[in-house]
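Listed below are the residues making up each chain.
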Amino acid sequence: MTRLPLPPSLYADTAVAPVATPPLDVDRSVSVAIVGGGYTGLSTALHLAEQGVEAVVLEAQEPGWGASGNNGGHTNPGLKHDPDQIEADFGAELGRRMIAFAYGTTNFTHDLIRRYQIPCEARQNGTLRAAYNESTAAAIEKTAQQCIRRGMPVSYLNREQLREMTGTDRYIGAMLDTRGGDLHPLSYARGLARAAMSAGAKVFGETPALSLRRDGSRWRIETPRAIVHADKVLLATNGFTDDLWPALRRTIVPVFSSIAATAPLSDAIARSIMPTRPVLYESGHITVYYRVDQQNRLLMGGRGPMRWIKSPHDVAYLMRYAERLWPQLKGVAWTHGWNSRLAITGDHYPHVHEPAESILISLGCNGRGVALSTAMGAQLARRLIGGTRTEIDMPITGIKPIPLHAFWPVGVTTAVIAGRVRDRLGI
Ligand SMILES: Cc1cc2nc3c(=O)[nH]c(=O)nc-3n(C[C@H](O)[C@H](O)[C@H](O)COP(=O)(O)OP(=O)(O)OC[C@H]3O[C@@H](n4cnc5c(N)ncnc54)[C@H](O)[C@@H]3O)c2cc1C
């Protein structure tokens, strides 16, 4: 089998060199086999290896090939839902643990990067969750109050403050969480792979898991050239989940998200956009997210076509939107446009499953998995080592396929188009 090339991203052109991960070609017997070499799989392997547990990662392409090497690079604290909502949904005890975990994921990730000295342009300049209409601003202000009540380093910013921070008067309110930040996603994925391997994990590229079945008290994973026998298995395939485990594919909707990047901007233009370099994502009908990287490039992300793209012209609306926010961008060169797939769950919470003994599944970060998957890896590792279910600060739930799953792609496309129309109308 030949390795699929990486999507034609800015990251593929600028990342640190990958560590060699040749295909698995001899049978292996291990403690833990991990399917999927994104942040979830690699972080779990690293945390297992730190404890001296023998782990192998089987990756169909190369580490970071999926969402992990192609995302917006925002490290965002928290979950999609408000803290109060989380406690209402899961009760005070688990709810509180989920909140502490989810809002702690960015510090966890940036600490890990420092500890392993992963060269990935990581910064912690804060995350802005911004609103451009009254109803969303009111909702964000409520979220901010809930976070402040819980002692988090969060503030609510008004239109004037946002004009200063973003160089546009599009936003009427935003929550600033100083724990947020950004990084170079592919360099981070490659650094995580390198760290896991130095700690003793084995990572194999071009090694898709073709089938998974019980073999006595162990698990047997077939790959194109070799068989892996493992005591325990973690499935970490997120938006690329296939039919390895029955019905798992139908528990998520794999959605493409796209990014367009400019050439490095002049210092003056870059400063006029976001002088203090936080990252920003909009709360609205259609989520747009952006940041200015360390080379002064603007990276503008959002929903795009539900197919692979190759150039910024495939997401021309992102460029138009950027020019609408900052007219000084007219005439700058847009050099890259790419996308990848993430996994959305029906309830917009990340999902952890244990459908059989010694099998763990973690997927569905709903577009905010950079820090979350990294931190989740440490918890998954503890559970795989034999820790109790409470090692994981998320509910461990049954596999429940989304009703009418086959119709979701149509629904998603319609929602994206409707959102784009509403955005164009500015409502
Ligand atoms: C365009 C885009 C922008 C995003 N922006 C942000 C952001 O700014 N901030 C944020 O927090 N999150 C963001 N996300 C989400 C974030 O990237 C993901 O939540 C995170 O990377 C998920 O990591 P993962 O390891 O679970 O999955 P992935 O990185 O997708 O890894 C899954 C891997 O499994 C492999 N695989 C699948 N099936 C098999 C098999 N049978 N055998 C072997 N290997 C297999 C795939 O090849 C893939 O490499 C974004 C996602 C996208 C697509």
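Below is a short write-up of the structure. Counting from 1, residues in each chain are numbered in the order their sequence is written. Reporting of local features is limited, given that this is a predicted model, to residues whose pLDDT is at least 70; pairs of side-chain atoms are given and counted only at 80 or more, and all residues count toward the totals for whole chains, interfaces and linings. Excluded from the side-chain calculations are hydrogens and water; all other atoms, namely the structure's heavy atoms, are used.

1. Thoughts on the pattern of salt bridges
Quick note on the threshold: Each salt bridge in this description consists of a side-chain nitrogen of Lys or Arg and a carboxyl oxygen of Asp or Glu lying within 4 Å of one another. Think of it this way: any DSSP run of H or I at least four residues long counts as a helix, any run of E at least two long counts as a strand, and we number them from the N terminus. A simple rule labels every residue: compare its accessible area, found with a 1.4 Å probe on the protein chains alone, to the largest value its type can have, and call it buried under 20%, exposed over 50%, or partly exposed in between.
Taken as a whole and assessed by the stated rule, the structure comprises 18 salt bridges. The partner of arginine 3 in a salt bridge is glutamate 206, and the shortest N-O contact between them spans 3.0 Å. Here glutamate 206 lies in the loop between strand E8 (202-204) and strand E9 (211-215) and arginine 3 lies in the segment before helix H1 (10-14), a separation of 203 residues in the sequence. Among the residues examined, arginine 3 registers a relative accessible area of 28% and is labelled partly exposed.

2. Focus: the site of the ligand
Condition: What makes a residue near a molecule or strand is one non-hydrogen atom of that residue sitting within 4 Å of it. Polar contact is the term for a pair of N or O atoms within 3.5 Å; when the atoms are in protein, one must be able to donate a hydrogen and the other to accept it, and sequence-neighboring residues count only if both atoms are side-chain atoms. With residues, only the protein chains shown are counted as cover, and all accessible areas are computed by Shrake-Rupley using a 1.4 Å probe.
Taken together, 37 residues sit near the ligand, with Thr40, Glu59, Ser68, His74 and Ala209 positioned nearest. Serine 68 places a polar side-chain atom, nitrogen or oxygen, 2.5 Å from an oxygen atom of the ligand. Glycine 367 places a main-chain nitrogen or oxygen 3.1 Å from a nitrogen atom of the ligand. Out of a free accessible area of 1,000 Å², the ligand has 97% covered by protein chains.

3. Focus: the side chain of histidine 353
Stated precisely, the cut-off is as follows: It only takes one pair of heavy atoms within 4.5 Å for two residues to be counted as in contact.
Among the structural elements, histidine 353 can be located in strand E17 (residues 351-353). Note on histidine 353: relative accessible area 1%, which makes it buried. Non-local contacts of histidine 353, meaning those with residues more than four positions away in its chain, are made with Leu248, Ile359, Leu360, Ile361, Leu363, Ile396, Thr397, Gly398 and Ile399.

4. Section: the packing of helix H2 (residues 39-50) against helix H4 (residues 92-115)
Definition in use: Simply put, an axis is a line fit to the C-alpha atoms, just over the touching stretch for a helix, and the angle between two N-to-C directions goes from 0 to 180 degrees. Oblique is the label for any angle not covered by the other classes, which are roughly parallel (under 35 degrees), roughly antiparallel (over 145) and roughly perpendicular (65 to 115). Left-handed describes a crossing in which the near helix is turned anticlockwise from the far one by less than a right angle; the clockwise case is right-handed. Each residue is assigned to one of three groups, with Ala, Val, Leu, Ile, Met, Phe, Trp, Tyr, Cys and Pro labelled nonpolar, Asp, Glu, Lys and Arg labelled charged, and all others, Gly among them, labelled polar.
Two elements in contact, H2 and H4, have axes separated by 14 Å at closest approach and are oriented at 60 degrees. Taken as axis vectors, H2 and H4 run oblique relative to one another. Judged by the twist between their axes, the crossing of H2 over H4 is left-handed. Facing H2, whose interface residues are Leu46, His47 and Glu50, H4 presents Phe108, Leu112 and Arg115. A per-class count over the contact of H2 with H4 returns 3 nonpolar, 1 polar and 2 charged.

5. Describing the sheet that holds strand E6 (residues 173-177)
Inclusion rule: Between any two strands, pairing holds if DSSP finds at least two bridges.
Read across the open sheet, the 8 strands follow the order E5-E6-E4-E13-E14-E15-E12-E16; overall the sheet is mixed. Looking at strand neighbours, the two that pair on one side only are strand E5 (154-158) and strand E16 (334-345), the edges of this open sheet. For this sheet the average axis-to-axis angle between neighbouring strands, irrespective of direction, equals 20 degrees. As paired elements, strand E13 (residues 279-283) and strand E14 (residues 288-292) share 2 bridges and run antiparallel to each other. Looking across to E14, one finds that tyrosine 281 is bridged to tyrosine 289. Against the sheet, helix H5 (residues 134-149) contacts strand E4 (127-131), E5, E6 and E13, and its axis sits at roughly 155 degrees relative to E5. Along the sheet face, helix H9 (residues 316-325) touches strand E12 (252-262), E13, E14, strand E15 (298-303) and E16 and points at about 120 degrees away from the line of E15.

Worth remembering: the numbers are spatial, not functional.
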